[in-house]
Amino acid sequence: MKKIIQLLILVHLCSCGSSKSGEDLEYTMELKESKKITLPCDENTYFLSKSIFQFEEDDKEYLFFGNFEKHQHEILIYDIEKQNLHKRIPLEKEGPNGVPGIWGCRPFHDSKTFLVSQHNVGRTTIIDGKGNVIRRYNMKHNLKNGVWADGRYGVSFFYTPSFSKDSIVYFSNGIFRQYMVKHRMDREVWRTIPMFNSLNLKNGHIQTLPINYPNIFEYDVKTPAGGGYSFAYDYNYKHDRLICSFTGYDSIMVTDNLKQVRWYNGKSRYLKSMRPKVYEADGFDWLRESVESPSYHNIMYDKYRDVYYRIVRHPYELKANESPFEDPTGREFSIIIFDKDLNIIGETKFPGNKYLYKMSFVGRDGLYISENNEANPEFDENKLVFACFKLEDIKGKE
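Residues numbered from 1 in each chain as written. Predicted model: local features only at pLDDT ≥ 70, side-chain atom pairs only at ≥ 80, totals over all residues. Heavy atoms only, no water.

Colleague: Whenever I open this one, the overall build of the protein confuses me. Can you help?
Modeller: Counting its regular elements, the protein contains four helices and 28 strands. Split into buried and exposed, the 398 residues of the protein put 55% on the buried side. Taking as baseline every contact in the protein between residues at least 6 positions apart, the subset at least 24 positions apart corresponds to 56%. Entry remark: accessible area of the protein is about 18600 Å², with carbon and sulfur atoms responsible for 48%. (Helix = DSSP H or I, 4+ residues; strand = E, 2+ residues; numbered from the N terminus. Buried < 20%, exposed > 50% of the residue type's maximum accessible area, 1.4 Å probe, protein only. Contact = heavy atoms within 4.5 Å. Areas by Shrake-Rupley, 256 points an atom, 1.4 Å probe, with all protein chains shown as cover.)

What follows is the structure in structure tokens.
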């Protein structure tokens, strides 16, 4: 009996990955600013984009910038080294090449075509480098429980980019948003709801992946007014690894085969331990509470340095002149650094009123974070400014 108990304890520790809490870790790395890049932003370009992605083509480094806000409807390609506009791709809203209702967009794996998420019209479209439609896919396929594939991807603002293997595109499933409205969300129900869908680009078939929402709630969710079940994700092509970060949960979820999952410690040293919860307030008060509460945000893989970054939004108290309908510009945040084995090796804190952490991307030279925060004294809507942060060995400075 004793050997059985010891074996169960060993299996539990292995399945949970790193087990140290944030307070017990010895940090060895930090992020330090190394330079800035400034990209031109004309009168037809809004400084804020929900879809920015770095990519390489012909050994050159580019930034994809979806200019879809303020009634704009185009893709901008910036040359990161030269810091200029390399290409502008206007998109049509109607006709044979029309792509209306854009939710997100990103470069496809060959960097010469683009994958467009048209969530508002239930469609996925592939376009070429001139904005011409190559193929459309109907996303309004019933999967289960009377809901359809919720193709919300191609977004970096809350990192849900999609990823592809061979001719299959994988993306997170917003099925819970539709399901919660119809059903009481008992904890056991979560285990039946898939987190990801796949789209076969050859035949248009949509399937769910055998990865369901984990039972990480402290109690039943009886209304949609819950917090912490949303998740950001990224894919590590080098190790075939999918990593997910829930907004209201310390641990991060990892799978290497898109089937079995395991958990690793991802707790910030600046936050108390977190689990998804239901806000007790209603209406406007609930919105205020949800905005002021701390949460985990994007998670991104850095293929150049073989590390991961997890953005942490710190607690914030809204001022009298601030609206809960907008993300506060003064919120402080930090970024947790994980090594290739998902061990926490550092966490760097950033001030409020300077950075726009939702607009970040990984490049050859480091992690780029936008300085187009409207509360930044140096903010200029006529240019896109990104600070580049490099990993620095803390012990090497001692």
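Colleague: Looking at this structure, I do not really get the pattern of salt bridges. What am I missing?
Modeller: Opposite charge on two side chains lets them pair, provided their charged atoms get close. With the rule as written, the count across this model stands at 17 salt bridges. Measuring nitrogen to oxygen at the nearest pair gives 3.3 Å for the salt bridge that ties Arg364 to Glu56. With Arg364 in the loop between strand E26 (356-363) and strand E27 (366-370) and Glu56 in strand E2 (residues 52-57), the pair connects residues that are 308 residues apart, well separated along the chain. Notably, a salt bridge pairs Asp256 with Arg241, separated by 3.0 Å at the nearest N-O pair. Taken together, the positions of Asp256 in the loop between strand E19 (252-255) and strand E20 (262-264) and Arg241 in strand E18 (residues 241-246) put the pair 15 residues apart, joining distant regions of the chain. Three or more residues joined by partner-sharing salt bridges are found here, namely Glu33, Lys36 and Glu371. (Salt bridge = Lys/Arg side-chain N within 4 Å of Asp/Glu carboxyl O.)

Colleague: For this particular structure, what's the right way to read the confidence of the model for the protein?
Modeller: Regions with low pLDDT should not have their predicted coordinates read in detail. With 82% of its residues at a pLDDT of at least 70, the protein reaches an overall mean of 85. Confidence drops under a pLDDT of 50 for residues 1-16, and excluding neighbours within four residues, the segment shows five contacts in the predicted structure. (pLDDT = per-residue confidence, 0-100.)

Colleague: Help me understand unusual backbone geometry, please; the structure alone is not making it clear to me.
Modeller: A negative phi angle characterises most non-glycine residues, just as the trans form characterises most peptide bonds. One non-glycine residue with positive phi stands out, namely Asp58, at about 55°. Following the sequence through the fold, Asp58 ends up in the loop between E2 and strand E3 (60-67).

Colleague: Looking at this structure, how should I read the sheet that holds strand E28 (residues 383-393)?
Modeller: Adjacent strands of a sheet pair through backbone hydrogen bonds, lying either parallel or antiparallel. In space, the four strands of this open sheet follow the order E1-E28-E27-E26, with antiparallel pairing throughout. Where the open sheet ends on each side, the last strands, each with one partner, are strand E1 (29-40) and E26. In this sheet, adjacent strand axes meet at a mean angle of 30° when their direction is disregarded. For E1 and E28, the ladder comprises 11 bridges, and the chain directions are antiparallel. By the bridge assignment, Lys35 is partnered in E28 with Cys388. (Pairing = 2+ DSSP bridges. Axes fitted to C-alpha atoms, helices over the stretch in contact; angles between N-to-C directions.)

Colleague: What's the story with the packing of aromatic side chains in this structure? I'm lost.
Modeller: Given two aromatic rings, their pairing is described by the distance between the two centres and the angle made by the two planes. In the structure shown here, the tally under the stated rule is 30 aromatic pairs. Between Tyr235 and Tyr237 the ring centres are 4.9 Å apart and the planes differ by 75°, which places this aromatic pair in the edge-to-face class. When the ring of Phe350 is compared with that of Tyr355, the centres are 5.6 Å apart and the planes differ by 85°; the resulting orientation is edge-to-face. Take Phe350 and Tyr355: they sit in the same class, and that class is buried. Following the ring pairs from residue to residue traces out a cluster consisting of Phe163, Tyr170, Phe196, Tyr213, Phe231, Tyr233, Tyr235, Tyr237, Phe246, Tyr249 and Trp263. Positioned over the ring face of Tyr46 is Lys70, at 5.2 Å from the centre of the ring. Its end group placed over the ring of Phe53, Arg106 keeps NZ or CZ at 4.8 Å from the ring centre. (Phe/Tyr/Trp six-rings, centres within 6.5 Å; stacked < 30°, edge-to-face > 60°. Lys NZ or Arg CZ within 6 Å of the ring centre and 35° of its normal.)

Colleague: How do you make sense of the sheet that holds strand E22 (residues 295-302) when you look at a structure like this?
Modeller: The sheet built from four strands is open, its strands ordered E22-E23-E24-E25 with antiparallel pairing. Looking along the sheet, the strands with just one partner apiece sit at the ends: E22 and strand E25 (344-350). Mean inter-strand twist for the sheet, computed between neighbouring axes without regard to direction, equals 20°. In this structure, strand E24 (residues 333-338) lies alongside E25, joined through six bridges in antiparallel fashion. Bridging from a neighbouring strand, Phe333 pairs with Phe350 of E25.

Colleague: Help me understand the side chain of Thr124, please; the structure alone is not making it clear to me.
Modeller: Mapped onto the elements, Thr124 comes out in strand E8 (residues 123-127). When its relative accessible area of 1% is taken as the criterion, Thr124 is described as buried. A distance of 2.4 Å separates polar atoms of two side chains, one belonging to Thr124 and the other to Tyr153. With residues near it in sequence (within four places) discarded, Thr124 still touches Leu115, Val116, Gln118, Arg135, Arg136, Tyr137, Met139, Tyr153 and Leu199. (Polar contact = N/O pair within 3.5 Å; in protein donor to acceptor, adjacent residues only side chain to side chain.)

Colleague: Can you walk me through the pairing of strand E6 (residues 104-107) in this structure?
Modeller: The side chains of a regular strand alternate, first on one face of the sheet and then on the other. On E6, burial covers both faces: Gly104 and Arg106 on one face and Cys105 and Pro107 on the other are all buried. Here E6 runs beside strand E7 (residues 114-118); their pairing, made up of four bridges, is antiparallel. Residue pairing in the sheet places Arg106 in a bridge with Leu115 of E7. Linking two consecutive strands that pair antiparallel, namely E6 and E7, is a turn of six residues; a positive phi of about 65° is found at Ser111 within it.

Colleague: Looking at this structure, how should I read the pairing of strand E5 (residues 84-90)?
Modeller: Relative to E5, strand E4 (residues 74-79) is paired through six bridges, and the arrangement is antiparallel. Along E5, the bridge assignment pairs Ile75 with Ile89. Where E4 folds back onto E5 in an antiparallel hairpin, the turn is made up of four residues, including Gln83, whose phi is positive at roughly 55°.

Colleague: Mind showing me how you'd approach the nonpolar core here?
Modeller: Nonpolar side chains in soluble globular proteins generally cluster together in the buried interior. Among the nonpolar cores identified, the biggest contains 35 residues, and Ile75 and Ile335 are the most heavily contacted of them. When neighbours within four sequence positions are excluded, Ile335 is seen to be in contact with Leu31, Tyr309, Arg310, Ile311, Gly346, Glu347, Thr348, Phe350, Leu367 and Ile369. Formed by 33 residues, the second largest nonpolar core is a distinct cluster that contains Phe108, Met139, Val169 and Met195. (Core = buried A, V, L, I, M, F, W, Y, C linked by side-chain atoms within 4.5 Å.)

Colleague: Help me out: how do you make sense of the side chain of Ser334 in this one?
Modeller: Inspection of the secondary structure puts Ser334 in strand E24. Polar side-chain contacts of Ser334 include one of 2.9 Å to the side chain of His314. Only 2.7 Å separates the side chain of Ser334 from the side chain of Glu347, close enough to count as a polar contact. Excluding its chain neighbours within four sequence positions, the residues that come into contact with Ser334 are Ser268, Tyr270, Arg310, Ile311, Val312, His314, Glu347, Thr348, Lys349 and Phe350.

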